[in-house]
Structure formats: structure tokens, C-alpha cells
Amino acid sequence: MPEARLPAICPATLDDGPAMAALDAQFALNPWTTTNLARYCEHDRFHALVSRQDGELRGFLLYSRLVDEASLDNVVVGREHQGLGLGSRLLLAALSRMAAEGLSRCVLEVRESNLSAKMLYQKNGFTVDGVRQGYYVTEKGRENALLMSRRL
Ligand SMILES: CC(C)(COP(=O)(O)OP(=O)(O)OC[C@H]1O[C@@H](n2cnc3c(N)ncnc32)[C@H](O)[C@@H]1OP(=O)(O)O)[C@@H](O)C(=O)NCCC(=O)NCCS
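If you're wondering where the values come from, they're calculated on a predicted model, not measured in any experiment.

Chemist: So what exactly am I meant to see when it comes to helix α3 (residues 86-100) here?
Modeler: Helical periodicity: at 3.6 residues per turn, an α-helix aligns residues three or four positions apart in one direction. Over its 15 residues, α3 runs 21 Å from end to end, which matches the ideal 21 Å to within 8%, given 1.5 Å per residue. For α3, the full list of buried residues reads L86, G87, L90, L91, A94, L95 and M98. Taken from the residues just after α3, G102 is the one with a positive phi, measuring 85°.

Dropping the structure here:
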């Protein structure tokens, strides 16, 4: 039986900005602006990876370089495509690019209540280094950020 075709993962272009912003706005309380996202499409210190299929943006990931470390700044998969491994594929593609760039460690922040993101990171080798109390604004007040990292 033929294998299902997996959408390729490739660097974003400026044309991806509006679709990335629209996808992010489905989840984020403070969505990324197209201006901020455009910076990640220039692929200098800031990088964006996207997965598109049938003309549709299914997911994207943002990371940036901080001296010899990488900061994983966002990863989003469209609701109807979640739970199918795309988040993991985006993450593994980014980690492999970070390692190829000679970076030694990847760090990130995640909302304490974001179970799916925490599982995605833990399954891919991230561990919790600390907690930033009340870091995120929520509809009800504030929420802690977990600081996570893994070696590359
Ligand atoms: C976090 C996110 C990117 C995961 O993408 P995804 O494509 O669903 O991830 P995967 O299918 O690769 O799943 C990876 C692991 O995450 C966990 N996971 C995924 N969806 C989950 C859910 N709804 N509940 C609990 N765990 C979940 C599972 O452990 C899964 O591994 P498994 O399938 O081997 O059990 C996606 O849920 C998303 O876009 N969320 C909204 C945006 C967001 O919160 N981004 C994180 C910012 S820090």
C-alpha cells in the first residue's frame, strides 16, 4: 500500500507571513503580527520553517539564534492537523538545523497549562530548568512559564 504523502518542511518566505499570522491568531491571546513574523522569514538570526500542503499552510515553527544557543520562539499546527505528528516533524527539522548551525543548546518557554506543547517538548528530549512565575497574561489573570531546554 502506498504511504500517505507527508507535507515537506521548508524555510518560510515573506509570502507565508499572512497565513502564519492567521494560524497563530487561532491560538494566541497576543498573536504575532505580520511585521514580527516577517523578520523570521529573512533567515539571518531569525528563522521560520513551514509545512504546506495543497496550497494550505498546515503548521510553522519559529526560532532565533542567541550567541551559541537557539531559542524556540513558537510552533503552531492547524487544529484539524494536530495529533498527526506534524508538530514533532517541525521540531525535529528545526533541531537538526540548529545543530547544523553549530548551536549547542535549545531553550524555550511554555505555558504551564499547555499540555500538548509540554508533551511535544518532553517527547523530544526537553527537560524543565525552572519556572517564571506569572509570566503570561491569561483571560483570568496570570500564568507561570516553564523554562525548558535540551542539548543539540
Ligand atoms: C503544540 C502543538 C504544536 C503540537 O502539534 P501536533 O502536530 O499536534 O504534535 P504531534 O502530533 O507531533 O504530537 C506530539 C506529542 O504531543 C502530545 N500531544 C499532541 N496533542 C496533544 C493533545 N491534544 N493532548 C495531549 N498531548 C498531546 C502527544 O504526546 C504527542 O505525542 P504522541 O502522539 O507520540 O503521543 C499543537 O498542539 C499546537 O499548535 N497547539 C497550539 C499552539 C501552541 O500552543 N503552541 C505551543 C507554543 S509554546
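Chemist: What should I look at first to understand the nonpolar core in this one?
Modeler: In this structure, L61, L72, L91, M98, Y121 and F126 are the most contacted members of the largest nonpolar core, which totals 23 residues. Those elements that place two or more of their residues in this core are β3 (56-66), β4 (69-77), α3, β5 (105-111), α4 (115-123) and β7 (142-151). Of the residues forming this core, the biggest block, six residues, is contributed by α3. Excluding residues that lie within four positions of it along the chain, M98 makes contacts with Y63, A70, L103, C106 and L152. Counting residues in hydrophobic clusters, the runner-up holds 14 residues, among them A12, L23, L37 and Y40.

Chemist: Would you mind showing me how to read the site of the ligand here?
Modeler: V75, G83, G85, S88 and N114 are the nearest of the 20 residues found near the ligand. Measuring from an oxygen atom of the ligand, one finds a side-chain N or O atom of N114 at 2.7 Å. Considered on its own, the ligand offers 920 Å² of accessible surface; in the complex 71% of this is hidden by protein. Among the elements of the structure, β4, α3 and α4 are those that each provide at least two residues to the shell around the ligand. With six residues, the single largest contributor to the shell around the ligand is α4. A per-class count over the shell around the ligand returns 11 nonpolar, eight polar and one charged.

Definitions and cut-offs
- Residues numbered from 1 in each chain as written.
- Predicted model: local features only at pLDDT ≥ 70, side-chain atom pairs only at ≥ 80, totals over all residues.
- Heavy atoms only, no water.
- Helix = DSSP H or I, 4+ residues; strand = E, 2+ residues; numbered from the N terminus.
- Expected span 1.5 Å × (residues − 1).
- Buried < 20%, exposed > 50% of the residue type's maximum accessible area, 1.4 Å probe, protein only.
- Core = buried A, V, L, I, M, F, W, Y, C linked by side-chain atoms within 4.5 Å.
- Contact = heavy atoms within 4.5 Å.
- Near = heavy atom within 4 Å.
- Polar contact = N/O pair within 3.5 Å; in protein donor to acceptor, adjacent residues only side chain to side chain.
- Areas by Shrake-Rupley, 256 points an atom, 1.4 Å probe, with all protein chains shown as cover.
- Nonpolar A, V, L, I, M, F, W, Y, C, P; charged D, E, K, R; others polar.

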